[in-house]
Each structure stands twice: as C-alpha cells, then as structure tokens.
Amino acid sequence: MNRVLIVTGASRDPGIGSAVAKQALAQGWNVVVNGRSEPGWDSNRATFVQGDIQEPAVQQLIIKAAVANWGRIDGIVHNAALLHSASQPTRKDWLEEYTINVVVPYELTDLAKTWLAQTQGSVVMIGSRSGVRPYPANSIAYAVSKSAMHQLAKELAVRFAPIRVNAVAPGLTLSSRQLDKWRNPVWKDAITHGWKEQSLLPGFIEVDQVANGVLYLLNASNVTGTVLEIDNGVNL
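Keep in mind that what you see is a predicted model, and the values were worked out from it rather than measured. (Residues numbered from 1 in each chain as written. Predicted model: local features only at pLDDT ≥ 70, side-chain atom pairs only at ≥ 80, totals over all residues. Heavy atoms only, no water.)

On to helix α4 (residues 140–159). Spanning 20 residues, α4 covers 28 Å between terminal C-alpha atoms, matching the ideal 28 Å at 1.5 Å per step. Here α4 has its buried residues at A141, Y142, A143, S145, K146, M149, H150, L152, A153, L156 and A157. (Helix = DSSP H or I, 4+ residues; strand = E, 2+ residues; numbered from the N terminus. Expected span 1.5 Å × (residues − 1). Buried < 20%, exposed > 50% of the residue type's maximum accessible area, 1.4 Å probe, protein only.)

Scanning the entire structure with this criterion turns up six salt bridges. Here R72 makes a salt bridge to D74, at a shortest N to O gap of 2.6 Å. Per residue, the accessibility class of R72 equals that of D74, and both read buried. When the shortest N-O distance is used, the salt bridge between E155 and R159 registers 3.1 Å. Pair noted here: E155 and R159 are both in helix α4, with a separation of four residues, about one helical turn. (Salt bridge = Lys/Arg side-chain N within 4 Å of Asp/Glu carboxyl O.)

We now examine a nonpolar patch on the surface. Together, W94, I140 and V144 make up an exposed nonpolar region whose accessible area comes to about 260 Å². Along the polypeptide, I140 turns up in helix α4. Residue classification places I140 among the partly exposed residues on the basis of a relative accessible area of 47%. (Patch = residues over 30% accessible without salt bridge, like charges linked within 9 Å, V, L, I, M, F, W, Y side chains within 5 Å. Areas by Shrake-Rupley, 256 points an atom, 1.4 Å probe, with all protein chains shown as cover.)

Let us now look at the packing of helix α3 (residues 91–119) against α4. Two numbers describe a pair of packed helices, the interaxial angle and the distance between the axes. Two numbers describe how α3 lies on α4: the axes approach to 8 Å, and their chain directions differ by 15°. As far as their axial angle goes, α4 and α3 are roughly parallel. Helix-helix and strand crossings are classified by hand; for α3 and α4 the assignment is right-handed. Packed against α3, whose contacting residues are W94, E97, Y98, N101, V102, P105, Y106 and T109, the element α4 presents I140, A141, Y142, V144, S145, K146, A148, M149, L152 and L156 at the interface. Tallied by class, the residues present in the contact of α3 with α4 amount to 13 nonpolar, three polar and two charged. (Axes fitted to C-alpha atoms, helices over the stretch in contact; angles between N-to-C directions. Parallel < 35°, antiparallel > 145°, perpendicular 65-115°, else oblique. Left-handed = near helix turned anticlockwise from the far one by under 90°. Contact = heavy atoms within 4.5 Å. Nonpolar A, V, L, I, M, F, W, Y, C, P; charged D, E, K, R; others polar.)

With respect to burial, strand β6 (residues 164–170) is a largely interior element, seven of its seven residues being buried. Burial along β6 is two-sided: the face carrying R164, N166, V168 and P170 and the face carrying V165, A167 and A169 are both buried. Across five bridges, the pairing between strand β5 (residues 122–126) and β6 is parallel. Across the sheet, the residue bridging to V124 is N166, located in β6. As paired strands, β6 and strand β7 (residues 227–230) are joined by four bridges and run parallel to one another. Bridge pairing in β7 links V168 to L228. (Pairing = 2+ DSSP bridges.)

Okay, the sheet that holds strand β4 (residues 75–78) next. Spatially, the seven strands line up as an open sheet ordered β3-β2-β1-β4-β5-β6-β7, and their pairing is parallel. Single-partner strands in this sheet number two, and they are β3 (46–50) and β7. Pairwise comparison of adjacent strand axes, ignoring direction, gives a mean angle of 15° for this sheet. Contacts from helix α1 (residues 16–26) reach β1 (4–7), β2 (30–35), β3, β4, β5 and β6 within the one sheet, and its direction differs from that of β1 by about 170°. Running over the sheet, helix α7 (residues 207–219) touches β1, β4, β5, β6 and β7 and is turned about 165° from β6.

A few words on the packing of α1 against α7. Packing of α1 against α7 brings their axes to within 8 Å, and their N-to-C directions diverge by 55°. In terms of axis orientation, α1 runs oblique to α7. You can see that α1 and α7 cross each other, and the crossing is right-handed. Across the interface between the two elements, I16, A19, V20, Q23 and A24 from α1 touch V207, D208, V210, A211, N212, V214 and L215 from α7. Along the lines of polarity and charge, the residues of the contact of α1 with α7 split into nine nonpolar, two polar and one charged.

Among the secondary structure elements, S122 is positioned in strand β5. Those residues in contact with S122 that lie beyond four places of it in its chain are D74, G75, I76, L116, R164, L217 and L218.

This part takes up the environment of V158. By the secondary structure assignment, V158 is in helix α4. Looking at V158, the relative accessible area reads 67%, which means it is exposed.

A few words now on unusual backbone geometry. Here the amide bond leading from D13 into P14 is cis, since omega sits at 5°, within 30 degrees of zero. Inspection of the secondary structure assignment puts P14 in the loop between β1 and α1. Of the consecutive residues A161 and P162, the connecting peptide bond is found in the cis state with omega at 15°. For P162, the position within the fold is in the loop between α4 and β6. A positive phi angle, near 50°, is found at Q120, a position not held by glycine.

See the structure below:
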C-alpha cells in the first residue's frame, strides 16, 4: 500500500512545499496538500484541503482527508510559515509568527500521532538557517521562531518515538516568495552579495534541493532529532 504524506503550505510554485509534494508523488506516496489557495498542479494521488492551518477545524480536515482517502498517515511535512519583514516586530508579529512556525506544527503532529505511530511514520519541519545562526538582516521574530521549531523537532523526536521527527534548515532558496522580494533591486543586491561572501559553494539553493533533503529524512529509518542544514556551508 502506498504511503500517505501531509504537506502544509504547498500552494506556491516554485516553493518548497510544492516541490516536496511533487517528489513524494514521484516516489509513489499519496499526498494531502494544504494551503490558502489551490496549487497550480494536480494528481489523481493528491487531495487538496484549502484553509488557514492555524484553524483547528482545518487541521482536523487535513487528518480526515488522509484517513478517509487512504486509511493511514505515514508522514507530515510542516512547510507553512509566516515571515514579517518588520525590523522592529510588534507583539502581534511575534505571536503570529510563533503560532504558525511553532504551535501549529506541534498541534498537527499531536493530532496525527496515533496514525503516525501505527506506521512508524516520519515528520519533517521546514526550518531556516536563520534559526541556526543570527543574521542581523533577517527578521528577529522569524529567526527565533525557526530556532524554536528546530528544538520542537528534537523534543518531539524524544516524546513521540518511535515516530521520527527531524528538521531541515535551508539557506537562501529560490522560492516564489524569494523571487518576489528580488523585484526590489536594492534588496536583491544586498542579499545576494552577503550570500556569495559567506557561501562555500556556488549558486543559490533550489527548491528541489531542499525537497531532496526532506524526502531523505522521510525515508531514513534510523535518523531522528536532527536538523539538516542545506545552505552551501554558510553557517560554517
């Protein structure tokens, strides 16, 4: 029987969530995709649950979609995220980012843990290099929330074993969100200059390269509680 994967925040294309879903489908998984808008692709082995992942009712619908369609849950990829660009985040910014980036991954994993335990499943959280090392140019609220997400992966690896829980920490990734930012040439020049100075390897990170790391962790039966850095060595 095909394994079943839930991917949140998979509407954007190119995007990490979308790339993960497509690679999983290519490997034979059935996929439940969540996002605020429908993705620009389709598959007869994918079902879409539209809605705000912060809402408990939407989280319940995601679990029900997996179980009703395929009777099992083998993996979850927490890609839904929020990034406020404010250099001085408000209390509202802090709470919103922490909710999406930390609380929601915990809630959805907790909802699915009975099903994941039955399949000895795997959970992967999409963190960030910002959560590994401080970068003053990045949002402090986002960086701190992603660091908390990395720790959440380790905590759940211990508390929910034998369910495997890991995270990836991508560097500058050419997602649709990043490409939108690059329409501002000043922002693009500042970010790319800093990246090239710090990067040990040429080029930027492609969404498919991050998806490769995610699928590795989903399939790696002896890896749990780790944060896989996919960043061209910039954090060394």
